[in-house]
Amino acid sequence: MDFLRPTTLDEALAAKAERPGAVPIAGGTDVMVELNFDHRRPEALLDLTGVGELAEWSRSSGSDGEIRLGAGVPYTRVITELGGRLPGLAMASRTVGSPQIRNRGTVGGNLGSASPAGDTHPVLLVTGARVEVASVRGTRLIPATEFYTGVKRNALAPDELVTAVHLPEATGPQQFAKVGTRNAMVIAVCSFALALDPDRAAARAAIGSAAPTPRRAVAAERFLAEELPWGTPGPLRDSLKRRFGELVAEATEPIDDVRGTAAYRRHALAVLARRTLTWAWNDQQERSPSCA
Amino acid sequence: MAGSLLGTEVRRVEDPELLRGRGTYVDNLTLDGVLHLAFVRSPFAHAELTAIDVRAAEAAPGVVAVYTAADLDLPPVKQFMEVNPSCARLPLATDRVRFVGEPVAVVAAESAVAAADALELVDIDYEPLPVVVDPEAALAPDAPRQFPHLGSNIAAGERDAEGAAVLDDAEVVVRARLENQRVAVVPLEGNAIAVVPGGPDEDFDVTIHVSTQAPHALRTVAAKAFGWERDRVRVIAPHVGGAFGGKFGLSAEHAVTVGVALRHGRPAKWVETRSENLQSMPHGRAQVQYAELGLRRDGTITGLRCRVLGDCGAYAGFGGGFALGPTRVMAQGVYRIPRLSYAGIAALTNTTPTGAFRGAGRPEAAAMLERLIDLAAAELDMDPVDIRRRNFLRPGEFPYTTLTGAHYDSGDYDLPLTEALRLAGYEDLRAEQARRIAEESPVLLGIGVSTYVEITGGGGGGEYASVTIDQDGTATIAVGTSGHGQGHATSFSMIVADELGIPLESVRFVQSDTGRVPRGGGTGGSRSLQLGGSAVRRASEELLRRARELAADRLEASADDIELTAEGRLGVSGVPHASLSWAELARAVAEDGGRLGADTDFRPEGATFPFGAHVSVVEVDTETGFVRPLRHIAVDDCGRVLNPMIVRGQQHGGAAQGISQALWEHMSFDEDGNPVTATLADYLVPSATEMPTLETANTETETPRNPLGAKGIGESATIGSTPAVQNAVLDALRHLGVRHLDLPLTPQRVWRAVRDAAEGNPQAPWREPPGAFDELPVRGEGPSPAAEEAAV
């Protein structure tokens, strides 16, 4: 197995073009596990940790405030440097592994692996993130909703690398929650993210670990957009929260596996959906000028 | 001399080198010309071996040799306890493999990497056989047999004659089928061994560096297996990164390493990987218990019937035998039980062989009884504390012989319970619990109680210790226990300092080397302080007696008048200037050609029985089933406490592993016998983030069976904590009609039980046990050979 160590993005893209079979590795928190258990044995590893361009984030100059998050920025920096602008992503990042793993693992790596259980995917779906991918042929942006194509499969061409993720700064409350046998250092049984956009009276909801790919719960989103009492202060009706939970559960396509049964996943996602909606709504109430 | 050190929080003398990364482990040894070994392991749980081709592996770069069973001709593996002699295992499989991970061939190479790379080049043909993974399924008459000549998968089994009749006096009977799930030992350092061949012209025929908890026992087994004189074998345990019962004896891989080193006349080393460790180190617990408790309506126990199935895994692993041994011995627990009937089966399955893990059969006994008591409390609408107090053995009843033949030394079971309830604020917790129920909160509070007694320092053995004074006045302890994190160097040095007036920093500590300590029982079964510490105490006393005589000669006084001065000198009573330092006395003895020292073989007056009470407070999210341990209060009574800090450390570690069994850990296999939790991503060991703050305390009820008054503490908190947490979760759900849930209490299990109860269909905790229990031979009268065999 060859170990390729580019120091610039151009070198990395050239290497990937020349060796499409080379597996990119950043923090190694997924790739090394697979190598150690002999689940895969690629012809080469393409180490991206030496590519400085990937390890930075920046904010676009426009007023809409978009963050370009380099694929190699570790979770720890997402939490400490971007917690205010990208609250949902920071919440999901906090639940990843342990401090040591958060120091190494990256959102870019999560996208490269495209595991249905990856912690950040539901957040990328609800924030309307776009994945920036590059090759020697050029750069393109893929909406997160089109990025996940199957179990551990994504929309990358063989010569492409994930270079960044573009995320709009939060304009409303964002929430993330997951269920596991314990809180840390465990692969989620299921996960859920929710983003409210009060200015547009819109909502996005997405699930993880409960379908072949991370996916949005579109009917549940539509329901929230129509039914949430956007302008009205006060707590939400229980019936509304329950119905939202049901619609989220209906969006799942879970399996039975060693971590949990399909029935449990469906049920737990309904609970997470209800709870995150309650938290997000309460958060919204506190922000709203009418309550001030 | 100032006040006694004993009973004070002396900081551990062994920690500085560990904290500075200067610990030395087997893998750190630099050995010239060492061969690195790696094992080809079976990917099948049960199969015939039809052909092995090692040629490609032999030709691989760096490979020196590849061996199968036929090449090495090694003696069978000798387990710590033998459950069935006709289930013998050879270190490398011969014609059949019986669990996934069983070694079939070994590669010896110039580097560890070369050995690992060559593994997949060994070509083995397997003919798969039907597999039995579940111990209850193993009892079915038509189950595939692991040893066809046995006639069944029962490696051992016996029952009391009385059976159901012990429940005849009951007005109420509560029953449950209880799973005490299989767990892995997971020491941070896995197995490791380095074997250096010697010879007739050298000090030893062989030197074995090995990560073990009992070097002398390993020496005995190795000498016998390979035909050496015991004194020609040197076994050294350097720092050991945890053992917890998993590192006793000469394992299959150990024996192969010895065999390869001898074959080549070169050092050979094997250091296992984490996945190998999870597949091959004996697993613990793994019992299914059918237990029934009879009571009068006022809560008084009238009888107990237990039918316990132990899972041996493959090759009659000795952990399965605990169902017949320590679990039975401790079945009566802390209660007055007038009648008791017990049956045990050790069953063979195509899984990793089982063995000892922290508690080794006693946690299973405590969990069984404590669950039944709580079931009875729910059935009779009593408080779990009240029903326990009603049935406790009373302090005046000790010494007490149980119906299973355990000779309890001393006890006052309400003492730690009262203290634990006080620390917990039990009444306030009950009020908070009621408040949440009244508010229909989805997150309920559970308060779990367990009261336990266990057996430590059993097995009938004693312990060796010597104390010598060197000419610089320092003392050297040599002891047959083999500490690996428990703080022996500190505790034993405290005893010497206390007895001889020598400062702690002038006490040296020697252990874990059969070349420097003539004999010893190692460390296990919470034996070390009560046996090794008592031996150190006795040797110190004998040394002081001799020193007084020698000093008396030189100071021209009567030995009766020689006393230890406040400065730690040997002086003459009432004559301030007539005294000798230890160094002066040692030099004087040396000048006469002698040596100032004493040794002893201490034998206790029997096993000791530590006890205690744990209170667990948990939050149970009834919507997701997630359990969060909020508080854990452990009041463990290990007799006299020598160093409270070290005792507390054992309570913390023990409770962490016990809480973890209750909530997270489960070593499991798929239907084909593949382990599905053989990595630390799937097998959930506890970490700091999910542990509640541990609130520990001690009551001190001394034992009369050793001069320290000490009982074991190493396993107590593991035993007490698991049932407390399990009872806490069920306590939270009691008003919903949920009566029992098996371990571990995963979110999914808890949620399902809540849902089923809400639908008016709660899961029944009982079903009839397999018929095999009725067909067991009746246990003979007299003490069981397995009785009080709690030496792991």
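As recorded in an unreviewed UniProt entry, chain B goes by the name Carbon-monoxide dehydrogenase large subunit, listed as coming from Prauserella shujinwangii.

Under an unreviewed UniProt entry, the name given to chain A is CO/xanthine dehydrogenase FAD-binding subunit, and the source organism is Prauserella shujinwangii.

Draft legend 1. Broad picture of the nonpolar core. All names here are of chain B. Leu-293, Tyr-408 and Tyr-413 are the most contacted members of the largest nonpolar core, which has 77 residues in total. For this core, the element with the highest residue contribution is helix H10 (residues 362-380), accounting for 9 residues. Taken domain by domain, the makeup of this core includes at least three residues from each of domain 2 (31-129 + 191-240 + 247-280) and domain 3 (284-457 + 607-775). Not counting residues up to four positions away in its chain, the partners in contact with Tyr-408 are Met-330, Gln-332, Gly-333, Leu-393, Phe-398, Pro-399, Tyr-400, Thr-402, Tyr-413, Val-453, Phe-609 and Arg-705. Within the second largest apolar cluster, 42 residues are counted, among which are Ile-469, Ala-497, Leu-531 and Leu-642.

Draft legend 2. Layout of the packing of aromatic side chains. Applying the stated rule across the entire model yields 21 aromatic pairs over all chains. Measuring from centroid to centroid gives 6.1 Å for Phe-192 of chain A and Phe-244 of chain A, while their planes differ by 70°, and the two rings are edge-to-face. Placement of the pair is Phe-192 of chain A in strand S12 (residues 190-197) and Phe-244 of chain A in helix H10 (residues 238-250), with a sequence separation of 52 residues. Of the residues examined, Phe-244 of chain A reaches a relative accessible area of 0% and is grouped as buried. Arranged with centres 5.4 Å apart and planes meeting at 90°, the rings of Phe-39 of chain B and Trp-270 of chain B form a pair that is edge-to-face. Of this pair, Phe-39 of chain B sits in strand S1 (residues 35-41) while Trp-270 of chain B sits in strand S12 (residues 268-271), placing them 231 residues apart in sequence. Three or more aromatic residues joined by ring pairs form one cluster here, namely Tyr-335, Phe-392, Phe-398, Tyr-400, Tyr-408, Tyr-413, Phe-609 and Phe-611 of chain B. Of note, Arg-755 of chain B hangs over the ring of Trp-751 of chain B, and the distance from its end group to the ring centre comes to 4.8 Å.

Draft legend 3. How the structure looks around the domain arrangement of chain B. Residue and element names in this part refer to chain B. Split into domains, chain B comes out as domain 1 (15-21 + 461-602), domain 2 (31-129 + 191-240 + 247-280) and domain 3 (284-457 + 607-775). Centre-to-centre, using C-alpha coordinates, domain 2 lies 37 Å away from domain 3. Both sides of the domain 2 and domain 3 interface together cover about 1,800 Å² of buried area, and 68% of this is carbon and sulfur. Its largest share of buried area at the contact with domain 3, domain 2 owes to Gln-79, Val-83 and Leu-278, together 29% of the area lost on that side. Here domain 2 and domain 3 share 0 salt bridges between them.

Draft legend 4. Here's a closer look at empty space enclosed by the protein. Residue and element names in this part refer to chain B. In the structure shown here, the tally under the stated rule is 5 cavities of 30 Å³ or more. Roughly 90 Å³ of internal volume is contained in the largest cavity. Taken together, Arg-371, Asp-374, Leu-375, Ala-378, Pro-384, Leu-730, Asp-731, Arg-734, Val-738 and Arg-739 form the lining of the largest cavity. The set of elements that each furnish at least two residues to the lining of the largest cavity consists of H10 and helix H18 (716-732). In terms of residues, the lining of the largest cavity owes the most to one element, H10, which gives 4 residues. The residue makeup of the lining of the largest cavity, split by class, is 5 nonpolar, no polar and 5 charged. Quantified by volume, the second largest cavity comes out at close to 50 Å³. In terms of lining, the second largest cavity is formed by Met-330, Gly-333, Val-334, Arg-362, Ala-365, Ala-366, Leu-369, Glu-370, Thr-451, Tyr-452 and Val-453.

Draft legend 5. Molecular detail of the interface of chain A and chain B. At the interface, 21 residues of chain A touch 21 residues of chain B. For the pair chain A and chain B, the summed buried area comes to about 1,800 Å², and 56% of that belongs to carbon and sulfur atoms. Run the count over chain A and chain B and you get 4 salt bridges. One salt bridge connects Glu-623 of chain B with Arg-275 of chain A, and the closest N-O pair in it is separated by 2.8 Å.

Conventions and cut-offs
Residues numbered from 1 in each chain as written. Chains lettered and ligands numbered in written order. Predicted model: local features only at pLDDT ≥ 70, side-chain atom pairs only at ≥ 80, totals over all residues. Heavy atoms only, no water. Core = buried A, V, L, I, M, F, W, Y, C linked by side-chain atoms within 4.5 Å. Buried < 20%, exposed > 50% of the residue type's maximum accessible area, 1.4 Å probe, protein only. Helix = DSSP H or I, 4+ residues; strand = E, 2+ residues; numbered from the N terminus. Domains from an automatic or database assignment. Contact = heavy atoms within 4.5 Å. Phe/Tyr/Trp six-rings, centres within 6.5 Å; stacked < 30°, edge-to-face > 60°. Lys NZ or Arg CZ within 6 Å of the ring centre and 35° of its normal. Buried area = accessible area lost by both parts, 1.4 Å probe. Salt bridge = Lys/Arg side-chain N within 4 Å of Asp/Glu carboxyl O. 1 Å grid on protein atoms, 1.4 Å probe; cavity = no way out; pocket = protein on both sides within 12 Å on 5 of 7 lines; lining within 4 Å. Points joined across faces, edges and corners; volume = space filled by probe spheres on them. Nonpolar A, V, L, I, M, F, W, Y, C, P; charged D, E, K, R; others polar.

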